[in-house]
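Each chain, written out:
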Amino acid sequence: MPLALGAQTEMEGAACQWMLESDTIESRNGYFQLQWQANTAECEGQTLALYQLQPGPQRLIYKGSNTTLFISGQPAGQYVYQLYSEPGTAKQAVGQQLTVQVEHYPLWTAFSYFGIGLFVFIGTLLLIGRGDRTA
Amino acid sequence: MTPFISTETALIILGAFSLLWIVFGWYLGRQNKDLDDYMLAGRKVGLAMATATAMATWVTSNTTMVAPQFALQMGVWGMVGYSFGSVGLLLFAPMARRIRTLMPHAWTSGDFMRLRYGSLAWRIFLGISGLYALAWLVSLGMAGGLLIEALSGLSYPIGMSTILAICVLYTLLGGLKAVIGTDLIQTFVILIGIVLLGYFTLTHASIEIMHEALLQKRPELLNLLFPAAIMFLFNNLLFGMGEIFHSNVWWSRAFAFGEGIGFKAYLTAGLLWIPVPIAAGFVALAIPALNIYIPRPDMAGPLVAANIMGTGGSIMVFIVVFSALASSLDSLLAATSDLVTEDIYHKHMRPDASPATLRSAAAWITVLIGIVTWLLCLLKMKTLGEVLLLSGSLVASTIWPIAAGLYWQRTNSTGVSIAMIAGSLAGLYSYFATGWYTAALTGAFVSMLIVLISSWLWPADFEWQRLKEDN
């Protein structure tokens, strides 16, 4: 659900408002999808840059005219993203920041499911193996 | 997203391969005489064809597109976990032998459930199987349309309609013989494509470079203690096992393979299949090293191919995915048509229907299933892809009712009926409460416990001879 109204960029005379589709995302598996959109169809195709502001030093994640980005393999932590338009050499922030909170499942939860899966698998293996031998 | 190949090229490829499948399907099916020939390829499929069809059907668009997706989402365990899908094929090998021995003249997996457990369990099973088949058919049709659109710019309705129409047509013309014959060619096309993509990926980014980039940009993908991936491992194994154990796609082949063929065919196909998801999936781990833009995880494989091999790579992916989709769609169409013809039309509506009437009904039902799938695909409901994942809990809940029913006389009808319903519900709860990577696992676990307890407390004394009663 779009929550944040973005700043305006100029596109052939039309005022473009860009917004990220959410301002917070929570992920339990280290992957998430970022999406942003313009207020009018005329603004589509405009080049924007997506930066990761946190953690660590600011770095460019994506630059182009697409409006969706899939990110995966992130360790636990708080990630902050910001869209920028780059008319000329100046960098202008667009919309408000997006915060992604990555918090992985505890290992005991993961290994509990692993153990249950192993139990079902071995049980099925025994059922078929012994059944096949006696059949 | 800008298309990677021109619409004209896409149309030429679609036209050429469509013609190939249709002509080949007609050629293979031209000597079909009776219902046995049409539905079960005369029950005498040889080892080479049997192995190829088992492998091709399991190398679906899921393998070519979802293996890279899982590698990108779950990392190293994503690829390995996906290759655990082969366990379903390996374990079905002895089951296929048992099925052929116990029910040499049966038609469908539904026949087994009806004769083994009676009406209630049979109807619950038909509901699960029907939902799964429809979800898989629609997800295949939608995947085809979306991928063709992304790669070539050809509109979604045209791409989706073409692939569905072609599969319906050659399945209609040749029955299971056409499905199995085209599967053989499609297997080679798919495997060559996967090997080529892997080779070219390694020429663009060595293992060391891929490793370095992953550590910097997506480190969890290399983490062997990545919690969600650890949860995913056995979930995928049990999902695959549930799909194979219950689906008429695999049962109809067990009936169609010649005597003594099923065990060797499923075992060989399972062993050969193990490296396929790893080969198909590892290319996604090159994404950080090659700085490839990924809008959606299911586009990982095609986008890697397009980026490193240009137009040639896109054409290759187009052909490989078209073949993979066709190899699964045709099998599912034929098997679902058999299930509906035998278990619903014949057993529920026309018990006295002659073989000729059933042969004709099977053809009409294939067309009808094609039309229903096409209409649902046309709606382009985003959630239908999720329905397939949701069905993991349903199909996994059939693992123990089927396996125990094949080997234990004491398994009882009420127990398996409760096991399928409770397992499905528990799996669905887990899907929403925890994540898609726990649904099948939970469903299989709950179902297994109920089958074990009910067989122990209220043992039945089933006579195997009853499985041969009305066939």
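Residues numbered from 1 in each chain as written. Chains lettered and ligands numbered in written order. Predicted model: local features only at pLDDT ≥ 70, side-chain atom pairs only at ≥ 80, totals over all residues. Heavy atoms only, no water.

A separate point is the interface of chain B and chain A. On the chain A side, the residues contacting the 48 residues of chain B number 37 residues. The junction of chain B with chain A conceals about 3,700 Å² of combined surface from both sides, 73% of it contributed by carbon and sulfur atoms. When residues of chain B are sorted by the area they lose upon contact with chain A, Phe234(B), Tyr293(B) and Tyr407(B) head the list and together hold 17% of the total. One can count one salt bridge joining chain B with chain A. Arg97(B) is the salt-bridge partner of Asp132(A), the closest N and O atoms lying 2.7 Å from each other. Run the count over chain B and chain A and you get 14 residue pairs in polar contact (both at pLDDT 80 or more). Put simply, the parts of the chain that give the side of chain B that touches chain A at least two residues each are α4 (61-74), α6 (86-102), α11 (227-246), α19 (399-407) and α21 (439-457) of chain B. Of the residues forming the side of chain B that touches chain A, the biggest block, ten residues, is contributed by α11(B). (Contact = heavy atoms within 4.5 Å. Buried area = accessible area lost by both parts, 1.4 Å probe. Salt bridge = Lys/Arg side-chain N within 4 Å of Asp/Glu carboxyl O. Polar contact = N/O pair within 3.5 Å; in protein donor to acceptor, adjacent residues only side chain to side chain. Helix = DSSP H or I, 4+ residues; strand = E, 2+ residues; numbered from the N terminus.)

With that out of the way, let us pick up the packing of helix α8 (residues 119-152) of chain B against helix α20 (residues 413-433) of chain B. Think of two packed helices as two axes; the pair is described by the angle between the axes and how far apart they sit. Residues and elements named next belong to chain B. Contact pair α8 / α20: the axes reach a minimum separation of 8 Å and the direction vectors enclose 25 degrees. What the angle tells us is that α8 and α20 run roughly parallel. For the pair α8 and α20, the crossing hand works out as left-handed. Contact residues: α8 offers Leu120, Ala121, Ile124, Phe125 and Ile128, while α20 offers Ser413, Val416, Ser417, Met420, Ile421 and Ser424. Among the residues forming the contact of α8 with α20, the class breakdown is eight nonpolar, three polar and no charged. (Axes fitted to C-alpha atoms, helices over the stretch in contact; angles between N-to-C directions. Parallel < 35°, antiparallel > 145°, perpendicular 65-115°, else oblique. Left-handed = near helix turned anticlockwise from the far one by under 90°. Nonpolar A, V, L, I, M, F, W, Y, C, P; charged D, E, K, R; others polar.)

This brings us to the packing of helix α3 (residues 47-58) of chain B against helix α12 (residues 248-256) of chain B. All names here are of chain B. For the pair α3 and α12, the least separation of the axes is 11 Å and the interaxial angle reads 175 degrees. Classified by the angle between their axes, α3 and α12 sit roughly antiparallel to one another. Packed against α3, whose contacting residues are Thr53, Ala54, Thr57 and Trp58, the element α12 presents Val249, Trp250 and Arg253 at the interface.

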